[in-house]
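# Secondary and tertiary structure notes
Spelled out, the chains give:
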Amino acid sequence: MQGSYGSATDPAGSCQVNPHEMSFLASPPHLFLSWKQPWVTASGETETGRRYDLLAMDAGSFTLRREGETQRTDSGDRPIWILRRTTNPEGYCWGRADWPLVRCEDQQLRCDAPVS
């Protein structure tokens with residue numbers, strides 16, 4: 001899953017305008033997302049990167065907790081994020097442990113994926 005990705009729906013975060021890189025650190029296990037240019041989050045903050053604690057993984061997903069997360073679930077806990085690999089289109093989308101399994105939002109596309 002390491003590589004470059006861009007938003008399928010937000011032109012400002014697309015592969016052509018402001019892609020992000022996904023990388024990993026083995027010990028302690030972390031997933032990093034880093035953007036070429038600063039971008040404005042849904043909460044209005046500007047950032048160039050995010051770091052996630054890697055809690056679990058399998059062939060199709062990563063279970064993550066975002067470091068510095070301010071968002072809370074209905075029960076008041078920090079959300080557990082599920083990064084789900086997609087194959088058509090190639091990339092990933094976001095779910096959460098407290099969401100229905102079929103809910104996967106914010107589709108990201110692999111920037112170097114062959115066009116079919």
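Here, every reference points to the structure presented above.
Residues numbered from 1 in each chain as written. Predicted model: local features only at pLDDT ≥ 70, side-chain atom pairs only at ≥ 80, totals over all residues. Heavy atoms only, no water.

Okay, the state of the cysteines next. Following the criterion strictly, the structure yields two disulfides and no others. The residue that forms a disulfide with C15 is C111, at a sulfur-sulfur distance of 2.1 Å. For the disulfide bridge between C15 and C111, the dihedral angle about the S-S bond is near -90°, and by the sign convention the bridge is left-handed. A residue pair is termed long-range when its members are at least 10 positions apart, and C15 in the loop between β1 (3–7) and β2 (20–25) and C111 in the segment after β8 (105–110) qualify at 96 residues. We classify C111 as partly exposed; its relative accessible area is 28%. Two residues, C93 and C104, share a disulfide whose sulfurs are 1.8 Å apart. (Disulfide = S-S within 2.5 Å. Helix = DSSP H or I, 4+ residues; strand = E, 2+ residues; numbered from the N terminus. Buried < 20%, exposed > 50% of the residue type's maximum accessible area, 1.4 Å probe, protein only.)

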